[in-house]
Amino acid sequence: MSGRWTWFNVSSVVLGFAFLYIPIILLVIYSFNESRLVTVWAGFSTRWYVEMFNNQGLMDAAWVTIRVALVSATVATVLGTLAALALVRYTRFTGRTLFTGMVYAPLVMPEVITGLSLLLLFVSINMDRGFWTVTLAHITFSLCFVAVVVQSRLVSFDMSLEEAAQDLGCTPFEAFWKVTLPVIFPAVLSGWMLAFTLSLDDLVIASFTSGPGATTLPMKIYSQVRLGVTPEINAVCTILIGLVAIGVITATLVTKQRVVADARARQADPA
Amino acid sequence: MNLFRRLTILVPYLWLLALFLLPFLIVFRISLSEPVLAMPPYAPQFDIGEGWAALRESLSQLSFANYVWLTEDALYRNAYFSSLRIALVSTFLTLLIGFPLAYGMARASEGLRPILLMLVILPFWTSFLIRVYAWIGILKPEGLLNQFLMSFGLIGEPLTILNTDTAVYIGIVYSYLPFMVLPIYATLEKMDYSLIEAAQDLGCTALGAFWKVTARLALPGVLAGCLLVFIPAVGEFVIPDLLGGSDTLMIGKTLWTEFFNNRDWPVASAVAIILLILLVVPIVLFQNAQARAQESGS
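- Where an unreviewed UniProt entry is consulted, chain B appears under the name ABC transporter permease subunit, with the organism given as Oceaniradius stylonematis.
- Recorded in UniProt under Sequence similarities (unreviewed entry), the annotation for chain B is "Belongs to the binding-protein-dependent transport system permease family. CysTW subfamily."
- Note on chain B: under the UniProt heading Subcellular location (unreviewed entry), the record states "Cell membrane".

- Per an unreviewed UniProt entry, chain A carries the name ABC transporter permease subunit and comes from Oceaniradius stylonematis.
- What the UniProt record of chain A gives under Sequence similarities (unreviewed entry) is the line "Belongs to the binding-protein-dependent transport system permease family. CysTW subfamily."
- What the UniProt record of chain A gives under Subcellular location (unreviewed entry) is the line "Cell membrane".

### Re the overall build of chain B
Then, number 1: Across its full length, chain B holds 13 helices and two strands.
Then, number 2: Looking at the 298 residues of chain B, the share that counts as buried comes to 51%.
Then, number 3: By sequence separation, contacts in chain B at least 24 residues apart represent 70% of the contacts at least 6 residues apart.
Then, number 4: Per element, the accessible surface of chain B, about 14,200 Å² overall, is 68% carbon and sulfur.

### Some words on the side chain of A:Thr77
Then, number 1: Along the chain, the position of A:Thr77 falls in helix H3 (residues 56–89).
Then, number 2: Apart from the residues lying within four places of it in its own chain, the contact partners of A:Thr77 are A:Val146, A:Val188, A:Gly191 and A:Trp192.

### Re the interface of chain A and chain B
Then, number 1: Tallying the contact residues gives 87 residues for chain A and 88 residues for chain B.
Then, number 2: Across the chain A to chain B interface the summed buried area is about 8,100 Å²; carbon plus sulfur atoms make up 80%.
Then, number 3: Counting the contacts that link chain A with chain B gives one salt bridge.
Then, number 4: A:Arg226 serves as the salt-bridge partner of B:Asp241, at 3.6 Å between the closest nitrogen and oxygen.
Then, number 5: Remark: the boundary between chain A and chain B carries seven residue pairs in polar contact (both at pLDDT 80 or more).
Then, number 6: No other element matches helix H1 (residues 7–30) of chain A, which puts 14 residues into the side of chain A that touches chain B.
Then, number 7: When grouped by side-chain class, the residues that make up the side of chain A that touches chain B number 64 nonpolar, 19 polar and four charged.

### Looking at the packing of H1(A) against helix H5 (residues 113–125) of chain B
Then, number 1: Where H1(A) contacts H5(B), the axes come no closer than 10 Å and their chain directions differ by 30°. As judged from the angle between their axes, H1(A) and H5(B) are roughly parallel. Read as a crossing pair, H1(A) and H5(B) show a hand that is left-handed. Within the contact between the two elements, H1(A) uses A:Val13, A:Phe17, A:Leu20 and A:Tyr21 and H5(B) uses B:Leu116, B:Leu119, B:Val120, B:Leu122 and B:Pro123.
Then, number 2: A class-by-class count of the residues in the contact of H1(A) with H5(B) yields nine nonpolar, no polar and no charged.

### So, the UniProt feature "domain: ABC transmembrane type-1" (unreviewed entry) in chain A
Then, number 1: Under the local residue numbering, the UniProt record ascribes the feature "domain: ABC transmembrane type-1" (unreviewed entry) to residues 62–254 of chain A.
Then, number 2: Summarising residues 62–254 of chain A: 82% helix, 0% strand, and an end-to-end C-alpha distance of 27 Å.

Rules used throughout
- Residues numbered from 1 in each chain as written.
- Chains lettered and ligands numbered in written order.
- Predicted model: local features only at pLDDT ≥ 70, side-chain atom pairs only at ≥ 80, totals over all residues.
- Heavy atoms only, no water.
- UniProt positions renumbered as here; feature names shortened; annotations may be inferred.
- Helix = DSSP H or I, 4+ residues; strand = E, 2+ residues; numbered from the N terminus.
- Buried < 20%, exposed > 50% of the residue type's maximum accessible area, 1.4 Å probe, protein only.
- Contact = heavy atoms within 4.5 Å.
- Areas by Shrake-Rupley, 256 points an atom, 1.4 Å probe, with all protein chains shown as cover.
- Buried area = accessible area lost by both parts, 1.4 Å probe.
- Salt bridge = Lys/Arg side-chain N within 4 Å of Asp/Glu carboxyl O.
- Polar contact = N/O pair within 3.5 Å; in protein donor to acceptor, adjacent residues only side chain to side chain.
- Nonpolar A, V, L, I, M, F, W, Y, C, P; charged D, E, K, R; others polar.
- Axes fitted to C-alpha atoms, helices over the stretch in contact; angles between N-to-C directions.
- Parallel < 35°, antiparallel > 145°, perpendicular 65-115°, else oblique.
- Left-handed = near helix turned anticlockwise from the far one by under 90°.

Here you go:
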């Protein structure tokens, strides 16, 4: 009985999406504004994009952010996939309850607490704050998100495939590498993307754990926003929004193609 | 057990013990210390090298003084209450906007649904900071909303919205709307709508059928959505800091100020521990709800 659109349904969907998208659209439009005043329209211009690329501080911060995001997303994906395997495969090991708790807790933990606790750890072991402390912090919270994404795919994975591979002489690692990993790969990939964007977006945890010379882009944006709204920041935000939108839409289309291809393959081979 | 299996469990386990559990113990320990002007700015310090007697000596210096102070000081008490109040009101407002949206999406045609779903998820991938920042330009006294309303003659003079609690509500509702919509949509999509017809055939009004059937069936999704909004909203920092005024008290902001501006690490740690205790009940509820959802799903 789906597909029944009443006036109420249509208007709540339209209003809901208007609420979600109008602020972002306005932000993008005003990044092309000639005037320095963000709220007064004075004609189309790309001068803020030029200024943004000439702003060395901003570019340095962007470079730090990308490096942190690449390293932390990759390590978090490896650790998160292992954690998901441990949660789904091994229902009995010492301290499993604690392990499950530690995987889920960071998902709902206020960022200020995660940031503060990691900083106090780094201080108490005398670790210099900078690139690596931010990266370690980001790995820790995003590995939990990766674990949840991969876990949801692993639950429906047919274990007998891996058992068959082991019967045919594979070691458990080979069986995982050659059989399981290719099957769960889309989930691993979306886990990586999630970890990458989480790291790219994070302000609070980075502010606590960062040190001199490792200012990330959100920290830079935040310190400028506190001084007031500038069209240059609108331009930075527009580029970030554009990159994320392209990434998410590509990922959706790729998974859709895979699903269609899988369905076709199954139709061609009914066994 | 072979090596690969051992590593599968051990590597993430040790990582989380070292970088998740251990930091918490340190926070708890420092919350019992006194602030001093030094680096690191708290005392007593622990130094295993100084031997057992020195360790016992510093243990005896620990005290719950920070906690006593936090419960007696009106500023902190108000910050906790006002965080809970702002989070509760925003959660309710998010439900008010999110439920009709999720309902409308679930009743859309099957071809349209994946697109609508992607449109809800897309803002979630964009930076939180950017989405909050977008509202500053809209809500400012000379901002776009006031310009819009005044050009239609709806208001005579600009409304003051930015730097008030209203702006914080708008920011939280806007940022967390996808968290509310997704779980509600998931329950409504699976619902069998012939139940509504049956209820109406049996004499229910449309509204009565909605209340007795749809609302009941959507309840797990509503509960999950509310917790997903409420829990992070309590500890929120960016939204009250950028949209709220100087009199908007929220505990995340208090912790930040205590740490970065006052450099009082022990009090910041104690604030964190109390915030965590406040959140334990909803977090446990959330975990139970998730465990139940997983059981019924598999």
